[in-house]
Amino acid sequence: MASGLTTADSTAKLLSDLKIDAGDWPPTLVKNLHLLSPDQIQSGKMLLEMGQSHLFQHWAEPGVDDDQKKAFFTQLSKLNSSYPGGLASYIKTARELLADSKAGKNPYDGFTPSVPIGEVLSLGDDNFIKFEDVGVKEAKNAAFVLVAGGLGERLGYNGIKVALPAETTTGTCFLQLYIESILALQEASSRLTQGTCQKEIPFVIMTSDDTHTCTLDLLESNSYFGMKASQVKLLKQEKVACLDDNDARLALDPHNKYKIQTKPHGHGDVHSLLYSSGLLNVWHDSRLRWVIFFQDTNGLLFKAIPASLGVSATKEYHVNSLAVPRKAKEAIGGITKLTHSDGRSMVINVEYNQLDPLLRATEHPDGDVNCETGYSPFPGNINQLILELDPYIKELTKTGGAVKEFVNPKYKDASKTSFKSSTRLECMMQDYPKTLPPSARVGFTVIDTWLAYAPVKNNPEAANIPKQNPYHSATSGEMAIYRANSLILKKAGVQVEDPVQQVFNNQEVEVWPRVTWKPKWGITFAEIQSKVGGGCFISQKSTMALKGRHIFLENLTLDGTLIINSSDDAKVKVGGSIKNKGWLIERIDYKDITFPEELRIRGFKIEKKEQLEKTYGNFCY
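Residues numbered from 1 in each chain as written. Predicted model: local features only at pLDDT ≥ 70, side-chain atom pairs only at ≥ 80, totals over all residues. Heavy atoms only, no water.

Going by what an unreviewed UniProt entry lists, the protein is known as UTP-monosaccharide-1-phosphate uridylyltransferase and is assigned to Gossypium darwinii. Here is the UniProt Catalytic activity (unreviewed entry) comment for the protein, exactly as written: "a monosaccharide 1-phosphate + UTP + H(+) = a UDP-monosaccharide + diphosphate". The UniProt entry for the protein carries the following text under Sequence similarities (unreviewed entry): "Belongs to the USP family." (UniProt positions renumbered as here; feature names shortened; annotations may be inferred.)

This is the structure:
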């Protein structure tokens, strides 16, 4: 403070220098202005201009809580810098969307839905194999982006979701499965294109405050699961400010009057994070062509990636949404082409509860109904996207990475004047195509659900409500991996015994042989088919884990448990009759806390009675 000036004089001079008239400012803020830098005062001015004076009503006199007042502006700076256009833009958008919500405005008013153009694939046929071959060759030109901002609380698991075992036969966690799948694609792509040096496929993980440290620890403590640390980049998303009412007044934290309450903004932030990080330009300079987005707990996804990437390359799609067959009115969004009366059109995901009324309101009086295939003509969105890099960069340069947002306030009553609790703006990764021009080539690739989609997101209670929807639990997710692997082997010529029905955590599931393999054993169907010969048979009670690149099954009869470990240079031929007591699945009570969470949420554990395990080094067998 200048000598001879009181605090009031100093504040007045500061405001004069900044050309700010504080006549209408809250006295509680004016008294504390000497604590703030000029930039912080400008931020305060922005808040007041945006109708947020209530944030300062409870501020104490100077000398009391001064550190917390400074922390408020530190948080404000973070909220301002992490949102495209800043906090003023956030508040402005919130007011518009809240007004639309109160008025009950239909976001699809004026649009007519129709079925978009896409590709429907079936495992093992000539078309599928052709697209897989193209996709593997293209993989060296791709970057992968994992959206992993959530904890496993909804699952009944207190860790980060990517640390959860995808299956308990080998204990491989989701993050390990994903990294090993990318590395297998990297190796196969280099081999098929006869690359003189193997290109490293970039891998980005979007984290949050909840998951960042644990994700980094999981990677570092496992030496990045075999991937070079330089290939992996973590981008942390920030939360956004909560809103208290229809005027978009920012909500204060209930436990701290000097802190704005925040909540997650949604996985749509991945686009703005990639844009602001500069990674997209680095990839462009490295002559990459594709960015592949996927989510944290789908153990089947990489069985669908090669063929889907082949579709993108062959059809030259700017956007390719991976999809599965969808029953009419099933609780999964539908990929839909929307054409406006003014000529605009877009291909996007429409949520299932909006699709049926939208169809009925236009030219489809029966709404969302199954067609001659037994499924809805609108395929089910599974939130996995393949984007062509150059058009993606051009679009994000226009939008700053922002995607269309929505707001979902829970109103106290029909007057829609007050909320049950604070709300916030949200955004979804799959809404990126909403801003694309009609000239954009947007399509989809449908692959059978059993091969491509088994998310793990519901705890045992939620999995059972309602009964007509898939469980999408740790129980069903693990069993889906065994089912997919068994069906792939059947398609490749192996005789696999039929499954039995069993109930775990009140969920009735098919129990197939517990067949698993490292991604490097077979990342495509053609590769798997080349490693299976003669008349192989696997009984329903069997377990088989193949952990090596060059393992060949020939005239194998398995009735028990077989584990094969081999180095990458070893060539191992497995045949003959193998019979032992095997590994048994034993039911457990998910409420029994003597078992770890990752087993309780499945409702079973594996009892290892007897197995044949072989390990091979650098020689042929």
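**Q** Explain the overall build of the protein here, please?
**A** Across its full length, the protein carries 18 helices and 30 strands. Taken over C-alpha atoms, the radius of gyration comes to 28 Å for the protein, in line with the 25 Å a tight globule of 621 residues would show. The dimensions of the protein, computed from C-alpha atoms along their principal axes, are 95 × 60 × 55 Å. The contacts in the protein between residues at least 6 apart in sequence include a share of 70% that link residues at least 24 apart. Accessible surface, the protein as shown: approximately 26,800 Å² in total, 49% of it carbon and sulfur. Of the side-chain charges in the protein, 70 are positive and 72 negative, and the distance between the mean point of each set is 2 Å. (Helix = DSSP H or I, 4+ residues; strand = E, 2+ residues; numbered from the N terminus. Rg over C-alpha atoms; globule rule 2.2 N^0.38 Å. Contact = heavy atoms within 4.5 Å. Areas by Shrake-Rupley, 256 points an atom, 1.4 Å probe, with all protein chains shown as cover. Lys, Arg positive; Asp, Glu negative; His and termini not counted. Charge placed at Lys NZ, Arg CZ, Asp CG, Glu CD.)

**Q** Got a minute to help me understand the nonpolar core in this structure?
**A** General note: in soluble globular proteins, nonpolar side chains tend to be found buried as a group. Phe 144, Leu 175, Phe 203, Leu 489 and Met 544 are the most contacted members of the largest nonpolar core, which has 103 residues in total. In terms of residue count, helix α7 (residues 174-192) provides more of this core than any other element does, 10 residues in total. Residues lining this core come from more than one domain, with at least three contributed by each of domain 2 (109-451) and domain 3 (488-616). In contact with Leu 489, not counting residues within four places along its chain, are Val 494, Val 496, Val 515, Trp 517, Trp 521, Ile 528, Val 532, Ile 538 and Met 544. Trp 25, Leu 35, Ile 41 and Leu 48 belong to the second largest nonpolar core, which has 36 residues in total. (Core = buried A, V, L, I, M, F, W, Y, C linked by side-chain atoms within 4.5 Å. Buried < 20%, exposed > 50% of the residue type's maximum accessible area, 1.4 Å probe, protein only. Domains from an automatic or database assignment.)

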